[in-house]
Structures are given as structure tokens and as C-alpha cells.
Amino acid sequence: MRSVFVSVFAAVVCASASFAETTPATSKQETKPRQLVLFDGKTLRDMFTTKKEDKPTEIAYSRAFIDSLPKVTEEQRTAEWQCLSEALYFEARGESVKGQFAVAEVILNRKDHSSFPQSVCGVINQGTASGRKYQCQFTYNCDGISDKIREKTAYERVGKVAHLVLDGAPKTLTDGATHYHTKAVSPRWSRTFERTATIGVHHFYRMTTRLSRN
């Protein structure tokens, strides 16, 4: 290893056209040691220093964590963010932060599933075109009640959750769930799908995988 380092160092010193000295020549004796700058702008110290990789932001499922985050900017408010934020507001604003992340997971899991539309807005608005009451996938979209946002602070919080999920936050709370319902009801499909988690007032389920027949 020592011989390899000496060879590399000798090659750098000999290639006079490939580097320049950071301190200009002067008649006075220099008090600071000189550094050699290679042609790509790196010093020898840079070459042999291991850089620490940036760690991803760790998610904490708490209101304190969400409140510590900056507000979602206008540039970050995409159409998918708008759809997901509204769904979280009307479906889960009274839930814990963990519960809100879990509902968001279901929506993204559906987007990635072949049985559902392949966009966040498509998943959330599925069934609304029929105009029939309670015949859509998310009842706030077809219950006949106004969808006006009245709680600004709650909307800002779920907006941050939506941004984190769309930005790649890990989906590990519901084990791939594609459905959920509150504990107050018992829909027919809940007796056939596998329950994967219970968070707050919601039970979460994953669709049964069906193998194609040959």
C-alpha cells in the first residue's frame, strides 16, 4: 500500500502541466505550507479524504415533527399534492399523524396496483363520474356535503404529510394495504381481504392476490 501511494504522489508531482500552486512565488519565505491543486480543482487532501454521505430525513410520526417542518411552497403544490392533501384533510384530519401517513400509503399503494388508476388524482376521484351518491371510492367526494376547507391549520399539516409521501417517504406502516375503513363500520370486502394493520380509528386491508389461470 505504501508503494502505491508513493507512486501516485510521484506521478502527480511530475505532471507539472496538470496542477498549479495556490500561493504565488515570492522572495519572502512563506509561513503557510503550500497546497497542490490538481487540474480538476482538488487538492491531495481531497483525494484521500472520505466524504460522509448525506443521511435521508428520518420521519417521526408526531405532530411536533410535522409542525417543525416548513410550509409547503407554491412551487411544491402540484396537482397530485392538491388531490392527496384534500383526501387526507377530509378522510383523516382528525387522525394521528401516523394515521394520516397510513391513509396516504393506501392511496399510493392503489396507484401502484394494476386494479386502480395509475395516478394519485385518478385513485382519489375514481367513481365520481357516475354522479351517484356514495358510489365513489372516497366518500367525501360523493356524499353531497360541501368540500370546503375550513380548518387552515389542519390542512397545512396534512399538506406536509402529502408532500413527504409524494417525495418518497417510506411506506412501511400498512404492509401494502389497498383498503381501509373506520372501526364504526364493517364493509363486505373486509371479510375477504387480509387485515394488515390497525392504526387509530382505521383498520387496513390488502387485496387478495389472484393467480391467473393457464
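Structure: see above.
Quantities reported herein were computed from a predicted structural model and do not represent experimental measurements.

A. Focus on the packing of aromatic side chains. All chains considered together, the criterion is met by nine aromatic pairs. Between the aromatic rings of W189 and Y205, the centroid separation amounts to 5.3 Å while the plane-to-plane angle is 90°, which identifies the pairing as edge-to-face. Within this pair, whereas W189 is found in the loop between β3 (179-182) and β4 (194-199), its partner Y205 is found in strand β5 (residues 202-206), the two being separated by 16 residues in sequence. Its relative accessible area of 26% is what places W189 among the partly exposed residues. Taken together, the ring pairs in this structure connect W81, Y89, F90, Y140 and Y155 into an aromatic cluster. Here the basic side chain of R93 rests over the ring of Y89, its NZ or CZ set 4.4 Å away from the ring centre.

B. The environment of R206, seen in detail. Along the chain, R206 turns up in strand β5. Taking C-alpha positions, R206 is 5.1 Å from T178, a pair spaced 28 residues apart along the chain. Not counting residues up to four positions away in its chain, the partners in contact with R206 are D175, G176, A177, T178, F193, E194 and T196. Here D175 takes part through its backbone oxygen, which lies 2.4 Å from a polar atom of the side chain of R206. At 2.7 Å, the side chain of R206 forms a polar contact with the side chain of E194.

C. Layout of the nonpolar core. Within the largest apolar cluster, 42 residues are counted, with the highest numbers of intra-cluster contacts made by L84, L88, F101, I107 and F204. Counting only elements with at least two residues in this core, the list comes to α3 (63-68), α4 (79-92), α5 (97-111), α6 (120-124), α7 (152-166), β4 and β5. For this core, the leading source of residues is α5, giving eight residues. Not counting chain neighbours up to four residues away, the residues in contact with F204 comprise A102, V103, V106, T174, A177, H179, Y180, E194, R195, T196, A197 and I199.

Conventions adopted
- Residues numbered from 1 in each chain as written.
- Predicted model: local features only at pLDDT ≥ 70, side-chain atom pairs only at ≥ 80, totals over all residues.
- Heavy atoms only, no water.
- Phe/Tyr/Trp six-rings, centres within 6.5 Å; stacked < 30°, edge-to-face > 60°.
- Helix = DSSP H or I, 4+ residues; strand = E, 2+ residues; numbered from the N terminus.
- Buried < 20%, exposed > 50% of the residue type's maximum accessible area, 1.4 Å probe, protein only.
- Lys NZ or Arg CZ within 6 Å of the ring centre and 35° of its normal.
- Contact = heavy atoms within 4.5 Å.
- Polar contact = N/O pair within 3.5 Å; in protein donor to acceptor, adjacent residues only side chain to side chain.
- Core = buried A, V, L, I, M, F, W, Y, C linked by side-chain atoms within 4.5 Å.

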